[in-house]
Amino acid sequence: DTAVSQTPKYLVTQMGNDKSIKCEQNLGHDTMYWYKQDSKKFLKIMFSYNNKELIINETVPNRFSPKSPDKAHLNLHINSLELGDSAVYFCASSQDLLVQDEQFFGPGTRLTVL
Amino acid sequence: DQQVKQNSPSLSVQEGRISILNCDYTNSMFDYFLWYKKYPAEGPTFLISISSIKDKNEDGRFTVFLNKSAKHLSLHIVPSQPGDSAVYFCAASTLSSGSARQLTFGSGTQLTVLP
């Protein structure tokens, strides 16, 4: 019974295309996140949503648009894909905004832009 | 400008010995530190954490030490087991704007425990 799930696991697409990655958590958490793991392996926060509201929006191109239809889902839509968008994208959730403890991560989506 | 640094990309240790993974940080506003473990094709999973008001936290075979004056923390695993082979990420937390906690991760250290 997966706590945080992401689909698809792998995504290969051409430059200029638009694609979406879906994320769902069944933990009843209020807060969800998107991270990007770049080629240097750093995990960097992209967005944070709390109860469907955008809380953190790091310096991310506006081609990236998160959408939260409800607090159990946080999808990531990417327009006009570029080569530099190739990375592993992780969704995560935590109980709430202020929790100091663990975030629960999904298995990641490896995006390859050709 | 990386605020959390793990300078050793890899570490190999014999089974049964101690593994010591190191992490340095630059932002003095960090007040909570965590270690995550990651197996291939999986997301990171939480391992252990420590508040900045403590200098040590222990959980079974895992102990995290925090040296605030040196802005350094370390994870000790003893005894190391082959199943501990994974990438270990150090992360630091602070309250960002909007009163939300935000994690900043290091680049990870690949630990290999040799049987």
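As shown above, the structure is provided for reference.
It should be emphasised that the depicted structure is a prediction, and the values quoted were computed from it without experimental measurement.

Asks: How do you make sense of the overall build of chain B when you look at a structure like this?
Replies: Check the secondary structure of chain B and you find 0 helices and 11 strands. Against the compact-globule benchmark of 13 Å for 115 residues, chain B has a radius of gyration of 14 Å, which places it among compact chains. With respect to the principal axes defined by its C-alpha atoms, chain B has extents near 45 × 30 × 25 Å. Out of the 115 residues belonging to chain B, those deemed buried represent 48%. Put simply, 54% of the contacts in chain B that link residues at least 6 apart link residues at least 24 apart. Of the charged side chains in chain B, 10 are positive and 9 negative; the average position of the first set lies 3 Å away from that of the second.

Asks: For this particular structure, what's the right way to read the pairing of strand S9 (residues 87-94) of chain A?
Replies: In summary, the side chains of a regular strand alternate between the two faces of the sheet. Residue and element names in this part refer to chain A. Counting buried residues in S9 gives 8 out of 8 residues, a clear majority hidden from the surface. Because side chains alternate across S9, one face comprises the buried residues Ala-87, Tyr-89, Cys-91 and Ser-93, and the other comprises Val-88, Phe-90, Ala-92 and Ser-94, equally buried. The sheet contact formed by strand S4 (residues 31-37) and S9 spans 7 bridges and is antiparallel. Paired with Gln-37 across the bridge in S9 is Val-88. As defined by bridge partners, S9 adjoins strand S10 (residues 104-105) across 2 bridges and the pair is classed as antiparallel. Note that in S10 the partner of Ser-93 across the bridge is Phe-104.

Asks: Even after reading the chapter, I still don't get the packing of aromatic side chains, so can you show me in this structure?
Replies: Each aromatic ring pair is characterised by the separation of its centres together with the angle its planes make. Residues and elements named next belong to chain A. If you walk through the whole model with that rule in mind, you get 13 aromatic pairs over all chains. Aromatic side chains Phe-90 and Phe-105 sit 6.4 Å apart centroid to centroid with 80° between the ring planes, which places their arrangement in the edge-to-face category. Within this pair, whereas Phe-90 is found in strand S9, its partner Phe-105 is found in strand S10, the two being separated by 15 residues in sequence. The class for Phe-90 is buried, based on a relative accessible area of 1%.

Asks: Any chance you could explain the state of the cysteines here in plain terms?
Replies: Any covalent bond linking the sulfur atoms of two cysteines counts as a disulfide. Residue and element names in this part refer to chain A. This model, assessed by the stated rule, comprises 2 disulfides over all chains. In this model Cys-23 forms its disulfide with Cys-91; the gap between the sulfur atoms is 1.8 Å. The chirality of the disulfide connecting Cys-23 with Cys-91 is left-handed, given an S-S dihedral of about -75°. Here Cys-23, found in strand S3 (residues 19-25), pairs with Cys-91, found in strand S9; they are 68 residues apart in sequence, far enough to count as distant.

Asks: How should the interface of chain A and chain B be read in this particular structure?
Replies: Note on interface size: it is often stated as the accessible area lost on association of the parts. Between chain A and chain B, the contact holds 24 residues from the first and 23 residues from the second. A combined buried area of about 2000 Å² lies between chain A and chain B, and 59% of that area is made up of carbon and sulfur atoms. Sorting the residues of the side of chain A that touches chain B by element identifies S4, strand S5 (43-50) and strand S6 (53-57) of chain A as the ones contributing at least two each. Grouping the amino acids of the side of chain A that touches chain B by side-chain chemistry returns 13 nonpolar, 4 polar and 7 charged.

Asks: Sorry, what's going on with the nonpolar core here?
Replies: Nonpolar side chains tend to gather and get buried jointly when the protein is soluble and globular. By size, the foremost hydrophobic cluster in this structure holds 23 residues, and its most contacted members are Phe33(B), Trp35(B), Leu73(B), Leu75(B) and Tyr88(B). Put simply, the parts of the chain that give this core at least two residues each are strand S3 (19-25), strand S4 (32-38), strand S5 (45-51), strand S7 (62-67), strand S8 (72-77), strand S9 (86-96) and strand S11 (109-114) of chain B. Here the element with the most residues in this core is S9(B); it accounts for 4 residues. Not counting residues up to four positions away in its chain, the partners in contact with Phe33(B) are Tyr25(B), Ile48(B), Ser49(B), Ile50(B), Ser52(B), Leu66(B), Leu73(B), Ala91(B) and Ala92(B). Counting 19 residues, the second-largest nonpolar core is a separate cluster that includes Trp34(A), Met46(A), Leu76(A) and Leu81(A).

Asks: What am I meant to see in the pattern of salt bridges here?
Replies: Residues and elements named next belong to chain A. Evaluated as defined, the whole model comprises 6 salt bridges over all chains. The residue Glu-82 makes a salt bridge to Arg-63 at a minimum N-O spacing of 3.5 Å. Taken together, the residues Glu-82 in the loop between strand S8 (73-78) and S9 and Arg-63 in the loop between S6 and strand S7 (64-70) connect sequence positions 19 residues apart. When salt bridges with common partners are traced through the structure, they connect Arg-63, Glu-82 and Asp-85 into a single cluster.

Asks: Quick question: what am I supposed to make of the sheet that holds strand S1 (residues 4-7) of chain A here?
Replies: In any sheet, the strands associate via hydrogen bonds between backbone groups, in a parallel or an antiparallel arrangement. All names here are of chain A. As summarised here, the arrangement of the 4 strands in space is S1-S3-S8-S7, forming an open sheet in which the pairing is antiparallel. In this open sheet, the two edge strands, each paired with only one partner strand, are S1 and S7. Geometrically, the sheet is characterised by an average inter-axis angle of 20° between neighbouring strands, direction not taken into account. In this sheet, S8 lies alongside S7 in antiparallel orientation, the contact comprising 5 bridges. When the sheet's bridge partners are listed, Pro-66 is paired in S8 with Leu-76.

What counts, and at which threshold
Residues numbered from 1 in each chain as written. Chains lettered and ligands numbered in written order. Predicted model: local features only at pLDDT ≥ 70, side-chain atom pairs only at ≥ 80, totals over all residues. Heavy atoms only, no water. Helix = DSSP H or I, 4+ residues; strand = E, 2+ residues; numbered from the N terminus. Rg over C-alpha atoms; globule rule 2.2 N^0.38 Å. Buried < 20%, exposed > 50% of the residue type's maximum accessible area, 1.4 Å probe, protein only. Contact = heavy atoms within 4.5 Å. Lys, Arg positive; Asp, Glu negative; His and termini not counted. Charge placed at Lys NZ, Arg CZ, Asp CG, Glu CD. Pairing = 2+ DSSP bridges. Phe/Tyr/Trp six-rings, centres within 6.5 Å; stacked < 30°, edge-to-face > 60°. Disulfide = S-S within 2.5 Å. Buried area = accessible area lost by both parts, 1.4 Å probe. Nonpolar A, V, L, I, M, F, W, Y, C, P; charged D, E, K, R; others polar. Core = buried A, V, L, I, M, F, W, Y, C linked by side-chain atoms within 4.5 Å. Salt bridge = Lys/Arg side-chain N within 4 Å of Asp/Glu carboxyl O. Axes fitted to C-alpha atoms, helices over the stretch in contact; angles between N-to-C directions.

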